[in-house]
Amino acid sequence: MSTITTRIIYALLFIPFSIVLGEIIHRRGRLVVTSAFSTDTAVAAALSALLRIGWYLLCTGLLLWNIGTEGDILTRPYTLQRVISEVLFRLGVSIFVVAIMHGFNILALSLFHRKRT
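Residues numbered from 1 in each chain as written. Predicted model: local features only at pLDDT ≥ 70, side-chain atom pairs only at ≥ 80, totals over all residues. Heavy atoms only, no water.

Considering the confidence of the model for the chain
Per-residue confidence for the chain averages 82 on the pLDDT scale, and 92% of its residues sit at or above 70. The element-level mean pLDDT for the chain is lowest in helix α3 (residues 80-116), coming to 81, with helix α1 (residues 3-36) highest at 88. (pLDDT = per-residue confidence, 0-100. Helix = DSSP H or I, 4+ residues; strand = E, 2+ residues; numbered from the N terminus.)

Laid out in structure tokens, this is it:
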């Protein structure tokens, strides 16, 4: 097993994850955005589209960053255990960053909604 194998496995796991989760968040989040901007549906639709674009840009950036960074600096041979460990670490960091950014988006929308009501 090699570095290339590790990165391909990571990409094959992260891409479907980000697409499926992005669609779920977009579908559910559209209700929240529409509620926050109930008087202006055009702004709600535009913000929903921008948040969706931001989601996919963030996921693409994380994917490229994780594929481009070196995993283990040590020159240990690639074993199945090392590949699994590196893929899980990369996925964990990516999911953590996405979750933090999503939390900030929800917090910002919530605060904005409170100020408008």
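Quick word on the pattern of salt bridges
In total, this model carries 1 salt bridge according to the counting rule given. Arg 52 serves as the salt-bridge partner of Glu 23, at 2.5 Å between the closest nitrogen and oxygen. Of this pair, Glu 23 sits in helix α1 while Arg 52 sits in helix α2 (residues 41-68), placing them 29 residues apart in sequence. By relative accessible area, Arg 52 is classed as partly exposed at 29%. (Salt bridge = Lys/Arg side-chain N within 4 Å of Asp/Glu carboxyl O. Buried < 20%, exposed > 50% of the residue type's maximum accessible area, 1.4 Å probe, protein only.)

A word on the packing of aromatic side chains
Scanning all chains against the criterion turns up 2 aromatic pairs. Linked through ring pairs, Tyr 10, Phe 14 and Phe 17 together constitute an aromatic cluster. (Phe/Tyr/Trp six-rings, centres within 6.5 Å; stacked < 30°, edge-to-face > 60°.)

Here's the deal with α1
Relative to the 50 Å expected for 34 residues at 1.5 Å per residue, α1 spans 46 Å between its end C-alpha atoms, a close match to the ideal helical length. At Gly 29, α1 shows its maximal kink, close to 30°. (Expected span 1.5 Å × (residues − 1). Bend = angle between axes of the 7 residues up to and from the residue.)

Some details on the environment of Arg 52
Sequence separation between Arg 52 and Arg 30 is 22 residues; the distance between their C-alpha atoms is 9.9 Å. A distance of 3.5 Å separates polar atoms of two side chains, one belonging to Arg 52 and the other to His 26. (Polar contact = N/O pair within 3.5 Å; in protein donor to acceptor, adjacent residues only side chain to side chain.)

Considerations on the environment of Glu 86
Tracing the chain through its elements places Glu 86 in helix α3. In the structure, Glu 86 is positioned 37 residues away from Ala 49 in sequence and 33 Å away in space, judged by C-alpha atoms.

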